Structure formats: structure tokens, C-alpha cells
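So the chains spell out like this:
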Amino acid sequence: MKVTAAVATAPEQPLDIRELELDDPRPLEVQVRLVASGVCHTDAIVRDQWYPVPLPAVLGHEGAGVVEKVGAGVTSVAPGDKVVLAPASCGTCTQCIGGHPAYCTKFYELNFGGARPDGSTMFRDGDTAVASNFFGQSSFASVTNVAERGVVKVADDAPLDILGPLGCGIQTGAGAVLNVLRPGPGSSIVIFGTGAVGMAAMLAAVASGCTTIIMVDIVDSRLEFARELGATHTINPRGTDPVEAVKEITGGGANFALDSTGVKFVFPQMVASLGTRGHGALVGASPLGTEAPFDIGTLLLTGLTVSMVVEGDSVPQEFIPKLIDMHARGLFPFDKLVKHYAFADINEAFADSESGATLKPVVTF
Ligand code: NAD
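Reading guide: rules and limits
Residues numbered from 1 in each chain as written. Predicted model: local features only at pLDDT ≥ 70, side-chain atom pairs only at ≥ 80, totals over all residues. Heavy atoms only, no water. Helix = DSSP H or I, 4+ residues; strand = E, 2+ residues; numbered from the N terminus. Buried < 20%, exposed > 50% of the residue type's maximum accessible area, 1.4 Å probe, protein only. Contact = heavy atoms within 4.5 Å. Pairing = 2+ DSSP bridges. Axes fitted to C-alpha atoms, helices over the stretch in contact; angles between N-to-C directions. Near = heavy atom within 4 Å. Polar contact = N/O pair within 3.5 Å; in protein donor to acceptor, adjacent residues only side chain to side chain. Nonpolar A, V, L, I, M, F, W, Y, C, P; charged D, E, K, R; others polar. Domains from an automatic or database assignment. Expected span 1.5 Å × (residues − 1). Bend = angle between axes of the 7 residues up to and from the residue. Phe/Tyr/Trp six-rings, centres within 6.5 Å; stacked < 30°, edge-to-face > 60°.

Peer 1: Requested: an account of the side chain of S139, with residues and values cited.
Peer 2: With respect to the helices, strands and loops of the structure, S139 is situated in the loop between β8 (128-130) and β9 (143-147). Judged by relative accessible area, S139 falls into the buried class, the value being 0%. For S139, the residues in contact, after removing those within four places along its chain, are L34, S37, L59, G60, H61, E62, G63 and F365.

Quick look at the structure:
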């Protein structure tokens, strides 16, 4: 069938909106008509080839839509069901079986390989194969095919125009806090980066009952917004040493910390901001090969834990409905981060995310 898609063709070049041919869903695939898709920083860094996904490619990995067709072996959803799309995982490795599909041993090839496991791509542009299956979904297309394990069924009245980002950016920040750091009421936490991921982490920290919530960013308007949504303190590191400031606010170091920037020199700042036996998490992405220094002599004495967290270490079919329930009860107002754009304006959405003007752009079809 013919679909309209935004195609990444070269690093740092705008996506090109084209008509492509989409093939039929395979026996264990679900064909989904997209209603909306979030735009994540990871789409931009893959367009720019920090990770070598083959180009041309249809990116997009925060899709939400309605099931159009199902393959012969699909049992969990039917045409007409509303779904949020989640990253691909194999379902059979020890990590998947143990409830950690974000660490699936095939995660990289299934989500960044640019094709199905059998090497086929679902999109064609004339005779040219266009890389697909980005995060198992390639949601910058009006219709796409997704492995059954990558769809999360939601209620018939679910607001699909805001839910797509739960499949990546929002579950990444919220899951790092709720599934990995697990701060108790009264805890202190410092979060570096107030993009969509850092803000989702902040909303989860508020919901967890953290009473000292310090947000660090170089964009003042984002810090102001963080205060509106629950930050108790904000720091702009341009002019203030964030580590010293956190130590002063917390009386020696935070209980928990999160780095959503992926900036090489921020990771050591995040670690240095922790108090004794604190727990920090890295979620921000850096180019492969990026190294950050550690003073292991001093750190040994602190009893710290540092976790590397992918996709909030969630089981999407369990965690995304939980976040939707928390949102419905007013405990997780992630919709405040979203700004909508028409699909035709997708490059504007990328630019606004990059400049900091928009926290979580969502394109609607
Ligand atoms: P974003 O670009 O909107 O947010 C990053 C924020 O970091 C920006 O507000 C920026 O101003 C701030 N920043 C930059 N330099 C800083 C500094 N020196 N100190 C403090 N703040 C600084 O991006 P996002 O959508 O929130 O995503 C955050 C990161 O998470 C990206 O690297 C993205 O690729 C990554 N990510 C990881 C996963 C995962 O599974 N681990 C999933 C989704 C996204």
C-alpha cells in the first residue's frame, strides 16, 4: 500500500516527506495507522549517524495509532484496537524472559538494524529499499508494520494524540526513577537536563514524594518551567558550579541523581553530586566511544551505585498502562511537556526540540 513517510536521507539534512510503498504485515506483525508520533532527541542523533542506521530510513519511535490489519499469528490485538508502540525485543533471551526487554541481547539489531530480522525492509521507494523497523516501528509514516511484541493495547478512550512519547522518552525518564532509582518519600534527587526525558524523571520524582528536587540545565526557560511543575531548586551551570550547589542544597550530596544530557563532562558532575551511598543513573545518549573520567580512589569510599538505564528498564505492556493511569489521576501530568505539529511540519518539530523551544514535539497525522 502507499503511505506518506518522512525519510532521513543524510546527516543534518531535513527529513524528506515522500510517498513510499509499505508491504503487508508478516504473520507476527500488526499494521498500525499512526495518529501521532513523538519526536525524540534519538531520532535526531540517528539522522545525524551517531549510530550507523542505514540511510535512507524512516525513523520515528514514539508512535500511537489504531490497528488496521493483523498477521495470521497475531492474537493480542485486533483491527480497531488503539495501541502505543514500544521498542522491539526478541522475547526469548534471558533478559527478555527475566523481565528486562530493554536489555534484550538482540536490542541493537532489532531496533537499529534498519530491517526485519530476515533482512527485509517494509518500505520501498520505487526500486530502492528504505530502512525500516527503527525501534521496531519507524513511526514517521502514516501506516507502519510493528512486531506484535511492540504494541501496547490501550483503552478505547485513550488520548492517542499525547500517548506516543510514553513508548520512549517519557518511559525512559519516568522508568529510570520509578523502576531503577526508586527514591522513597523525603528523598533528594538532582536531574541534569530538563528536556522531555529529564522532565519525565522529575514528574516521577514528584510522584514518588521526593522533597528536594534539583533541576540543572543551561536553558533558563526550561528551568523556570521545571519549577512550575515541581522542581524545588534549579541551577544553571553557566555561572554556578552545579556540584557545589547540589552539595550545599542537600547538605553533602543528593540521595539520587540522573544524567539525561549525554554530555561527556556532565556524567562526572552527576556522580560527584551524589552523597554517600547515593544512586545515580545515566540515560542521556553519547556517540559510541565517548569516555568520561572517574576518580576511583575517592569513589571507592562512597559506596555509590551508578546504573546505565535503557528505556526506563520497563516492560512496556505493564509500565505504559501504569503511566496512563497515573496521568488520568493527575499524578503524572506529562501532557504539559507536549506541543503538537502537523506531520508536514516535522522538520520544524526537530528544530524546536534542538533549540530548546519545545520539550516534546508530537507530530499528528
Ligand atoms: P533534550 O535535548 O530535549 O534534553 C537535553 C537537555 O540537556 C537540554 O535541555 C539541554 O539544554 C540540557 N543540557 C545540555 N548541556 C547541559 C549541561 N552542560 N548541563 C545541564 N544540562 C545540559 O533531549 P531529551 O529528549 O530530553 O533526551 C535526553 C537524552 O536521552 C538524549 O541524549 C536522548 O538521546 C536520550 N535518550 C535515551 C534513552 C535511553 O533509553 N537511555 C531513551 C530516550 C532518549
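Peer 1: Got a sec to walk through the environment of V46? Specific residues and values, please.
Peer 2: Among the secondary structure elements, V46 is positioned in helix α1 (residues 41-47). Ignoring any residue separated from it by four or fewer positions in sequence, one finds V46 in contact with Y51, V53, L59, F112 and F134.

Peer 1: Residue-level account of the sheet that holds strand β14 (residues 254-259), with values.
Peer 2: To summarise the sheet geometry, strands pair through backbone hydrogen bonds and adopt either a parallel or an antiparallel arrangement. With respect to topology, six strands assemble into an open sheet ordered β13-β12-β11-β14-β15-β16, the strand pairing being parallel. Since the sheet does not close on itself, it has two edges, and those belong to β13 (233-235) and β16 (305-308), each with one partner. Taken over all neighbouring pairs, the strand axes of this sheet differ in orientation by 15 degrees on average, direction set aside. Looking at chain direction, strand β11 (residues 188-192) and β14 are connected through four bridges and run parallel. Looking at the pairing, I189 lines up with F256 of β14. Its contacts with the sheet put helix α8 (residues 242-250) on β11, β12 (212-216), β13 and β14, and the angle it makes with β12 is roughly 170 degrees.

Peer 1: Before we move on, can you summarise the site of the ligand with the specific residues and values?
Peer 2: Contacts to the ligand come from 27 residues, most closely from D217, R222, V283, A285 and E311. Within the backbone of V197, an N or O atom sits 3.0 Å from an oxygen atom of the ligand. One of the backbone nitrogen or oxygen atoms of E311 is found 2.7 Å away from an oxygen atom of the ligand. Sorting the residues of the shell around the ligand by element identifies α1 and α6 (196-208) as the ones contributing at least two each. A breakdown of the residues in the shell around the ligand according to their chemical character gives 15 nonpolar, nine polar and three charged. Domain assignment of the residues forming the shell around the ligand places at least three in each of domain 1 (2-167 + 333-364) and domain 2 (174-310).

Peer 1: Report on helix α5 (residues 169-181), specifying residues and quantitative values.
Peer 2: Here α5 contains 13 residues, and its C-alpha end-to-end distance of 17 Å stays within 8% of the 18 Å for a straight helix at 1.5 Å per residue. Bending of α5 peaks at approximately 40 degrees at the position of G175. Buried residues dominate α5, accounting for 11 of its 13 residues. Where α5 is concerned, the buried positions are G169, I170, Q171, T172, G173, A174, G175, A176, V177, V180 and L181. The inward-facing, buried residues of α5 contact β11, α6, β14, β15 (274-282), β16 and α11 (316-328). Following α5 by one or two positions, R182 adopts a phi angle in the positive range, close to 50 degrees.

Peer 1: I'd like a description of the packing of aromatic side chains, backed by residues and values.
Peer 2: Both the distance between ring centres and the angle between the ring planes are used here to describe each pair of aromatic rings. As enumerated under the stated definition, the model contains 11 aromatic pairs in all. A ring pair is formed by F112 and F134, whose centres lie 5.8 Å apart and whose planes are at 80 degrees; its orientation type is edge-to-face. Residue F112 is located in helix α3 (residues 107-112), and its partner F134 is located in the loop between β8 and β9; the two are separated by 22 residues in the primary sequence. The exposure class assigned to F112 is buried, which follows from its relative accessible area of 8%. Judged by relative accessible area, F134 falls into the buried class, the value being 2%. Geometrically, the ring pair formed by F134 and F135 is edge-to-face, given 5.0 Å between the ring centres and 90 degrees between the ring planes. Judged by its relative accessible area of 4%, F135 is buried. Counting every residue linked through ring pairs, the aromatic cluster contains Y51, F107, Y108, F112, F134 and F135.

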